[in-house]
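A look at the structure
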Amino acid sequence: ARALTPQTAETDAIRFLVGTQSLRYDNQIHIIDFDDENNIINKNVLLHQVGEIWHISASPADKGVLATCYNKTSDSKVVTCAAVWRMPKELESGSHESPDDSSSNTQTLELLCHLDNTAHGNMACVMWEPMGDGKRLISLADNNILLWDLQESSAKAVLSSSTALEGKGQLKFTSGRWSPHHNCTQIATANDTTVRGWDTRSMRQVYCIENAHGQLVRDLDFNPNKQYYLASCGDDCKVKFWDTRNVTEPVKTLEEHSHWVWNVRYNHSHDQLILTGSSDSRVILSNMVSISSEPFGHMVDDDELSDQEDHHQEEKSKEPLQDSIIATYEEHEDSVYAVEWSSADPWLFASLSYDGRLVINRVPRALKYHILL
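None of these values were measured; they are calculated from a predicted model.

**Considering the overall build of the chain**
Helix and strand content of the chain: two helices and 28 strands. The globule rule puts the C-alpha radius of gyration for 373 residues at 21 Å, and the 21 Å found for the chain is close to it. The dimensions of the chain, computed from C-alpha atoms along their principal axes, are 75 × 55 × 40 Å. The burial tally for the chain puts 53% of its 373 residues in the buried class. Considering only contacts within the chain whose residues lie at least 6 apart along the sequence, 50% involve residues at least 24 apart. Accessible area of the chain: about 17,400 Å², with a carbon and sulfur share of 44%. A distance of 7 Å separates the average location of the 32 positive side-chain charges in the chain from that of its 55 negative side-chain charges.

**Focus: the domain arrangement of the chain**
Here the chain is described as being made up of domain 1 (1-91 + 107-164) and domain 2 (165-294 + 319-372). Using C-alpha coordinates to define each centre, domain 1 is positioned 21 Å away from domain 2. Between domain 1 and domain 2, the contact holds 41 residues from the first and 39 residues from the second. Summed over both sides, the interface of domain 1 with domain 2 buries roughly 3,200 Å², with 69% coming from carbon and sulfur. The largest per-residue losses of area from domain 1 upon contact with domain 2 belong to R2, L4 and F16, which jointly make up 19% of the total buried on that side.

**Some words on the packing of aromatic side chains**
Tallied over the full model, the rule gives six aromatic pairs. Look at W260 and W262: their rings are 6.3 Å apart centre to centre, the planes differ by 50 degrees, and that puts the pair in the tilted class. Judged by its relative accessible area of 16%, W262 falls in the buried class. Ring plane angle 75 degrees and centroid distance 5.3 Å describe the contact between Y329 and F349, whose orientation is recorded as edge-to-face. Of this pair, Y329 sits in strand 25 (residues 324-329) while F349 sits in strand 27 (residues 348-353), and the two are 20 residues apart along the sequence. Residues Y329 and F349 agree in their burial class; the two are buried. In textbook terms, an aromatic cluster arises when at least three aromatic residues are bridged by ring pairs, as seen for W260, W262, Y337 and Y354.

**As for the sheet that holds strand 26 (residues 336-341)**
Read across the sheet, three strands follow the order 26-27-28 without closing on themselves; strand pairing throughout is antiparallel. At either margin of the open sheet sits one strand with a lone partner, and together these are strand 26 and strand 28 (358-362). Strand-to-strand twist in this sheet, taken as the mean axis angle between neighbours without regard to direction, amounts to 20 degrees. Bridging between strand 26 and strand 27 involves five bridges; their strand directions are antiparallel. When the bridges of strand 27 are listed, V336 appears paired with S353.

About the thresholds
Sequence order as written defines residue numbering, which begins from 1 separately in each chain. Local features in this predicted model are restricted to residues of pLDDT 70 or higher, and side-chain atom pairs are both shown and tallied only at a pLDDT of 80 or more, whereas totals for entire chains, interfaces and linings draw on every residue. Side-chain figures throughout are based on the complete set of non-hydrogen atoms in the structure, without hydrogens or water. A helix here means a DSSP run of H or I that spans at least four residues, while a strand means a run of E at least two residues long, and both kinds are numbered starting from the N terminus. The globule rule is 2.2 Å times the number of residues to the power 0.38, and the radius of gyration it is compared with is taken over C-alpha atoms. The rule is simple: take the accessible area with a 1.4 Å probe, protein chains only, and divide by the maximum for that residue type; under 20% is buried, over 50% is exposed, in between is partly exposed. Contacts: residue pairs with any heavy atoms within 4.5 Å of one another. Residue burial considers only the protein chains on display, and all accessible areas are found by Shrake-Rupley using a 1.4 Å probe. We score Asp and Glu as negative and Lys and Arg as positive, and we do not count His or the chain ends. Every charge is mapped to an atom, namely NZ of Lys, CZ of Arg, CG of Asp or CD of Glu. Note that domain bounds follow an automatic or database assignment of domains. A 1.4 Å probe defines the accessible area here, and the buried area is the portion of it lost by two parts on being joined, summed over both. Two rings from Phe, Tyr or Trp (for Trp, the six-membered ring) form a pair when their centres sit within 6.5 Å of each other. Planes less than 30 degrees apart are called stacked, planes more than 60 degrees apart edge-to-face, and all others tilted. DSSP calls a pair of strands paired once it identifies at least 2 bridges connecting them. Fitting a line to C-alpha atoms yields each axis, with helices limited to the stretch in contact; the angle taken between N-to-C directions then spans 0 to 180 degrees.

Listed below in structure tokens is the structure:
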């Protein structure tokens, strides 16, 4: 398996969706519910009969809707397609009842519509408009950016605009993220070693970070609280943080992994917490306070301090807090292809390795209280 997403629209139950990659069997989407109080994982399985799943993303507005990018063979060529699906009604919200015999009641996903890419090439990923009503999404296909509008209760996808990456050679997007800032009018894409920003209204390029990494850029993520901040990671084993207003140099670089970094994710609530997953089989949780929205910690009101404390506090508050690696998780034995924060619990995250192992972890309690108190 290499496809993982939190169920974005679910903000009460802790729930992740995993897509499998099997050549021999029908592929599946596993709905993973984590019961936080009892530390139990419950699983429901949905059949995804069209092919092995390379990418999965959940609608931000509708718990039952998700998109997948999957491989299928046509005319002895393998092509990667994308489609929007609905899960059965009874599975839409987090249930904690574990089915007695999961094999007997495997259900199938309902196909809502295909994101037809016959003219545009292989799909790399699908991104939903982050703050939207779940009706707009963007797919990256080879060197094309395609903006779709879902209509008729998502049963039809209409291509509303598109643009192509021009240049020498065979240009292909590897990944992209839709920015939650600027009224959701910007996306960032990665192709080869370059990161680009695009305006979704004009479909024009707004910034370009050439040679963002020494090798292929694998993944991107936007800081949820600071509108110009973007993280990237890649095959040069590095994670870099950019201010998109000045793209000549990264603001910070992390070099903790010893192999390709597949995934980088900002915590949605506390943007100093950064997760990365890599082919070195490790997941690393970093505390990047200095470039977060609270680089000096929580500011204390002057009125709350006595004179002596006041002096001490002033000295202390001028220095940005130190960045650090909080924890390295080594529960995986294979390449970690995906890491994701829960959309319901900001202190909980999941990681997925190629051998199909899903691990759920918590931010260390001491750090959680340090951030909160």
